[in-house]
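Summary of the model geometry
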Amino acid sequence: MRDSVVVITGASSGIGRATALACASAGAAVVLAARRADALAEVARECEAAGGQALAVPTDVTDADAVQALARRAVERFGRIDAWVNCAAVTAFAPFLEIPLEEFRRIIDVDVMGYVHGARAALPYLRDQGKGVLINVSSVVAVVPQPYTHAYSMAKAAVRVLSASLRQELRLDGAKGVKVCTVMPPTIDTPFFDHTANYTGRKAKAMPPVYSAERVARTIVDLIRVPRREVMVGPMARNLLMQSKFAPGLAERMMGSQVDKMHLYRTKPAPATSGNLFQPAPGTGSVSGGWHGRRQTALRRAASTAALLTGGLVAARRWGR
């Protein structure tokens with residue numbers, strides 16, 4: 001990672017911001033893209049304090065020319081692009097017949113075309129260099145979609161397909177040094193749920209189990225070092241993948257029930273809002289959304305360790321007998 005050049009979209013908060021800090025801490029130069037200039041400036045200061053170089057480039061990923069300019073700025077400043085991380089995303093919670101169509105289209109524009117623009121900007125440089133990594137952050141909902149987030153679930157499935165198609169094309173073209181990876185996280189502790197558009201009448205929340213954004217960032221750093229085709233983040237995502245293969249109907253019903261019970265508050269109403277679809281959220285952003293992802297991750301690890309130790313003791317006693 002040291003001295004690598006990594007471009008990250010959606011770098012102002014959540015997974016993108018955590019990834020920028022993780023890359024900078026490993027000695028990489030990071031090029032930060034998002035709509036919020038103030039937030040990017042703050043992230044750049046944090047990355048430089050962590051030991052990396054940073055360049056903030058305010059960018060709306062729905063603007064193809066702006067994303068091309070982002071790639072040029074990265075190469076002009078640092079000479080190359082070693083990794084490009086597509087991470088910018090927006091969402092909405094709404095019954096299908098009640099979400100405004102322009103907002104449905106906006107989600108597809110950001111979450112699909114934003115990734116297309118990123119891939120088209122990055123791949124010419126990676127192919128010319130003969131090496132590099134394109135990382136697309138998808139989601140577990142690409143495998144098991146959710147109710148009320150139709151556009152987002154569709155988009156994340158499209159991102160997964162985009163990655164697979166690009167891998168095939170690069171292989172056919174003999175560009176063996178250029179890798180395309182897909183990251184598929186479950187629910188992550190970020191401000192994402194506070195910024196969402198919402199037409200359900202119920203306030204959205206992070207659906208447990210919640211993992212920390214830093215965990216996803218570590219996965220992305222590992223992929224830059226050693227690229228892999230697809231990575232599910234956390235045991236919950238892997239369990240859902242297995243359920244979707246062997247009991248797809250059950251997985252679908254369970255997801256629907258869980259979203260209704262645990263992704264939307266039953267007693268906290270929410271006004272209709274377009275969230276951050278067309279205007280970025282105010283403030284300088286943050287990694288965490290206050291959903292205690294780090295604490296929950298630590299508790300799960302402690303429980304897993306205790307279970308392993310208990311199992312080991314039981315096995316040892318039986319062996320001794």
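A brief structural summary. (Residues numbered from 1 in each chain as written. Predicted model: local features only at pLDDT ≥ 70, side-chain atom pairs only at ≥ 80, totals over all residues. Heavy atoms only, no water.)

A count of helices and strands for the protein chain gives 10 helices and 13 strands. For 321 residues, the compact-globule formula gives about 20 Å, and the C-alpha radius of gyration of the protein chain, at 20 Å, lands near that figure. Of all 321 residues assigned to the protein chain, the portion counted as buried reaches 50%. Considering only residue pairs separated by 6 or more positions, the protein chain has 76% of its internal contacts joining residues 24 or more positions apart. (Helix = DSSP H or I, 4+ residues; strand = E, 2+ residues; numbered from the N terminus. Rg over C-alpha atoms; globule rule 2.2 N^0.38 Å. Buried < 20%, exposed > 50% of the residue type's maximum accessible area, 1.4 Å probe, protein only. Contact = heavy atoms within 4.5 Å.)

For the rest of this paragraph, the subject is the packing of aromatic side chains. Enumeration according to the criterion identifies four aromatic pairs in this entry. Ring geometry for Phe-96 and Phe-104: centres 6.3 Å apart, planes at 85 degrees, overall edge-to-face. Exposure remark for Phe-104: the relative accessible area of 13% places this residue in the buried category. Relative to Phe-192, the ring of Tyr-152 lies with its centre 5.6 Å away and its plane at 50 degrees, an arrangement referred to as tilted. One end of the pair, Tyr-152, is in helix 5 (residues 150-172); the other, Phe-192, is in helix 6 (residues 192-195), and 40 residues separate them in sequence. For Tyr-152, a relative accessible area of 14% translates into the label buried. The rings of Tyr-152, Phe-192, Phe-193 and Trp-291 are connected pair by pair, giving a single aromatic cluster. In this structure, Lys-205 packs its charged tip against the face of Tyr-265, placed 4.6 Å from the ring centre. The ring of Tyr-265 carries Lys-268 above its face, with NZ or CZ at 4.4 Å from the centroid. (Phe/Tyr/Trp six-rings, centres within 6.5 Å; stacked < 30°, edge-to-face > 60°. Lys NZ or Arg CZ within 6 Å of the ring centre and 35° of its normal.)

Let's shift gears to the sheet that holds strand 6 (residues 132-137). With respect to topology, seven strands assemble into an open sheet ordered 3-2-1-4-6-7-12, the strand pairing being parallel. Of all the strands in the sheet, just strand 3 (53-58) and strand 12 (230-232) have a single pairing partner and so form its edges. Each neighbouring strand pair of the sheet contributes to a mean axis angle of 15 degrees, computed without reference to strand direction. With four bridges connecting them, strand 4 (residues 83-86) and strand 6 associate as parallel partners. Opposite Trp-84, over in strand 6, you have Leu-134 as the bridge partner. Here helix 5 sits on the sheet in contact with strand 6, strand 7 (178-184) and strand 12, set at roughly 160 degrees to strand 7. (Pairing = 2+ DSSP bridges. Axes fitted to C-alpha atoms, helices over the stretch in contact; angles between N-to-C directions.)

On to helix 5. Given a rise of 1.5 Å per residue, 23 residues ought to cover 33 Å, and the 33 Å separating the end C-alpha atoms of helix 5 matches this to within 8%. All buried positions along helix 5 are accounted for by Ala-151, Tyr-152, Ser-153, Ala-155, Lys-156, Val-159, Ser-163, Leu-166, Arg-167 and Leu-170. Check the buried side of helix 5 and you find it contacts helix 4 (101-129), strand 6, strand 7, helix 6 and strand 12. Of the residues trailing helix 5, Gly-174 is marked for its positive phi of about 80 degrees. (Expected span 1.5 Å × (residues − 1).)

Judged by nonpolar contacts, the single largest core of 41 residues is most densely connected at Val-6, Leu-32, Ile-135 and Ile-220. Within the residue set of this core, elements represented by two or more residues are strand 1 (5-9), helix 1 (14-25), strand 2 (29-34), helix 2 (37-49), strand 4, strand 6, strand 7 and helix 7 (213-225). Per-element accounting of this core gives the leading share, seven residues, to helix 7. When residues no more than four places from it in sequence are discounted, the contact partners of Ile-220 are Ile-15, Thr-19, Val-85, Ile-135, Val-137 and Val-183. (Core = buried A, V, L, I, M, F, W, Y, C linked by side-chain atoms within 4.5 Å.)

Excluding glycine, residues mostly carry a negative phi; peptide bonds, for their part, are mostly trans. Cis geometry marks the peptide bond from Pro-208 to Pro-209, where omega comes out at 0 degrees. The residue Pro-209 is located in the loop between strand 10 (202-204) and strand 11 (211-212) in this model. Within the chain, Asp-3 stands out as a residue other than glycine whose phi angle is a positive 70 degrees. Counting through the fold element by element, Asp-3 comes out in the segment before strand 1.

What follows deals with the packing of helix 3 (residues 64-78) against helix 4. Direction vectors running N to C along helix 3 and helix 4 enclose 35 degrees, while the axes themselves pass 8 Å from each other. Pair helix 3 / helix 4 crosses with right-handed handedness. Facing Ala-64, Val-67, Gln-68, Ala-71, Arg-72 and Val-75 of helix 3, the residues of helix 4 in contact are His-117, Gly-118, Arg-120, Ala-121 and Tyr-125. (Left-handed = near helix turned anticlockwise from the far one by under 90°.)

Here we come to the packing of helix 1 against helix 7. In contact at an axis separation of 8 Å, helix 1 and helix 7 are set at 55 degrees when each is read in the N-to-C sense. Classified by the angle their axes make, helix 1 and helix 7 are oblique. Relative to helix 7, the crossing made by helix 1 is right-handed. Counted together, Gly-14, Ile-15, Ala-18, Thr-19, Ala-22 and Cys-23 of helix 1 and Ala-213, Glu-214, Val-216, Ala-217, Ile-220, Val-221 and Ile-224 of helix 7 form the full contact between these two elements. The class makeup of the residues in the contact of helix 1 with helix 7 is 10 nonpolar, two polar and one charged. (Parallel < 35°, antiparallel > 145°, perpendicular 65-115°, else oblique. Nonpolar A, V, L, I, M, F, W, Y, C, P; charged D, E, K, R; others polar.)

Let us look at the pattern of salt bridges. One pass over the structure, following the stated rule, counts 10 salt bridges. Ionic pairing is found between Glu-230 and Arg-160, a salt bridge with its closest N-O pair at 2.8 Å. Note that Glu-230 is positioned in strand 12 and Arg-160 in helix 5, a separation of 70 residues in sequence. On the accessibility criterion, Arg-160 (25% relative accessible area) is partly exposed. (Salt bridge = Lys/Arg side-chain N within 4 Å of Asp/Glu carboxyl O.)

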